[in-house]
Amino acid sequence: MAVVWDMSQWTQAWRTDSLQPTVRSSGTRTTTSGTAMYGRTAGGANQSVTNGTSNGGANSGGGVSGGAQGHDKLKIGFCTDLDKSVLVNNFEKRGWHQVNGDDDWHFYWAGVQTCRNIFSVDSGYRMHDNQMINHFPNHYELSRKDLLVKNIKRYRKDLERDGNPLAEKTESNNSSGTRYLYLDFVPTTFVLPADYNMFVEEYRKFPLSTWIMKPCGKSQGAGIFLINKLSKLKKWSREAKGPFHPQIAKESYVISRYIDNPLLIGGKKFDLRLYVLVASFRPLKAYLFKQGFCRFCTVKYDTSVTELDNMYVHLTNVSVQKHGGEYNTLHGGKWSVQNLALYLEGTRGKEVTDRLFGAISWLIVHSLRAVAPVMASDRHCFECYGYDIIIDNALKPWLVEVNASPSLTSTTVNDRILKYKLIDNILSVVLPPDGVPDVRWNKVPSADALGNFELLIDEELAAQDEQHQNSSSNTHSKTSKMGSRWK
């Protein structure tokens, strides 16, 4: 009998306007590495939990061995590669002082290149216990478009090989053969030039389909274009090999089936930008920021061939849309997730809306699970990812890409407020209660520390829950057997 997961029950609290963390009952689902936890609120009785992989243990209050007294005189020095007020103001609000990268720093909000340099073997740099940095060493396993697809494909194949019901397949409507019933959240994608022949084979089965080309290592809409004919791709390939485009010839591209039936509001295409905070990959600890937003195109959606090259119709990136004549500087073409939820409940109904948001949480968790085995989960690291998600007109969410350095530039007043709150809440979640960076802390924030974040998954707490449940079950079984002897 097929196993069916009800995704509509998961992670609904982040859709509310409440600025307080929502305490909800725990829910568990069996997956490949034990029991995954969705929507459980950390803290409370779990605050005394310590991480078995920590160095030297941690106090129940989240401090390091020896208590917080050793931190009383520690002056926190911060570094940042980004001159952004939402960062500096949050750091200075905590009484931190700014230092250079060559000085003794405790908290570094770095660019990805700085992070690579710090973790480079050649640098010889070794971080101490009271240092934290905002990127994992090989974050690109999630944020590079080609590696993300590769890791998700491997994850699905591994589950399938193990006979896990998550890898169950069903008949596909828009592609040959079958599709994954529970893990079909990434459009059919190939890496070029390596997968060119496989792409051509797929394209010829559906010659009327539209595909979108993206350079693997770029962001903000750079280098993206749509094709609906093989001749256009061949022309691009010829030009790429020419003397005028030497940089293109060296790049890898992904080509994905274009979601040509997007959900439209006011006739315009939009996508979701959601912020996901990962405190650890092994065990996986991830949080979803409840104040994500929709990004709208400035021109009404049109699938005609004449509009295929009009990026104001097809690309939702603010970096693209802000140059359009219809761009609104007041609201920046953005809409809160809460407004989207209210709109969908009014037009589609609450049940299907709940199912959509549950499916969004589901795809985030399993995209993280897909990269967790290959991610270098250094305890000095955390990372806030920008997830870009498209919703089609059947209310099915599709993962478009993941950004390791989501923009902190504010285009509107509301944008500035949201991003200031985002940084503030990130610091509250990743830092111990005394506010001093410490890798020996167990990374279990209190419910109050979550702010606008909601726990998506904590494999460590989930494993302890499972162990506790098994222990209770065994005790109950022994008691029952003892009782039966006396009957």
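In the block above lies the structure referred to throughout.
A few points on the structure. Being a predicted model, the structure only gives us computed values, none of them experimental.

Side note on the packing of helix α10 (residues 337-347) against helix α11 (residues 350-371)
Then, in step 1: Two numbers describe how α10 lies on α11: the axes approach to 8 Å, and their chain directions differ by 140 degrees. Note on element contacts: α11 touches α10 through K350, T353, L356 and F357, opposite V337, L340, A341, L344 and E345.
Then, in step 2: Residues belonging to the contact of α10 with α11 are distributed by class as follows: 6 nonpolar, 1 polar and 2 charged.

Digging into the pairing of strand β15 (residues 284-289)
Then, in step 1: Counting buried residues along β15, 6 of its 6 residues qualify, which places the element largely inside the surrounding structure.
Then, in step 2: Judged from the 5 bridges that link them, strand β14 (residues 268-281) and β15 form a sheet pairing that is antiparallel. Looking at the pairing, V276 lines up with L288 of β15.
Then, in step 3: If you look at the hairpin formed by β14 and β15, you'll find 2 residues sitting between the two strands.
Then, in step 4: Pairing analysis gives 5 bridges linking β15 to strand β20 (residues 453-458), with the strands arranged antiparallel. Bridging from a neighbouring strand, F289 pairs with F453 of β20.

Things to note about helix α12 (residues 413-430)
Then, in step 1: Its 18 residues place the ends of α12 26 Å apart at the C-alpha level, agreeing with the 26 Å of an ideal helix rising 1.5 Å per residue.
Then, in step 2: Of all the residues in α12, the buried ones are D415, L418, K419, L422, I423, D424, N425, I426, L427, V429 and V430.

Calculation rules
Residues numbered from 1 in each chain as written. Predicted model: local features only at pLDDT ≥ 70, side-chain atom pairs only at ≥ 80, totals over all residues. Heavy atoms only, no water. Axes fitted to C-alpha atoms, helices over the stretch in contact; angles between N-to-C directions. Helix = DSSP H or I, 4+ residues; strand = E, 2+ residues; numbered from the N terminus. Contact = heavy atoms within 4.5 Å. Nonpolar A, V, L, I, M, F, W, Y, C, P; charged D, E, K, R; others polar. Buried < 20%, exposed > 50% of the residue type's maximum accessible area, 1.4 Å probe, protein only. Pairing = 2+ DSSP bridges. Expected span 1.5 Å × (residues − 1).

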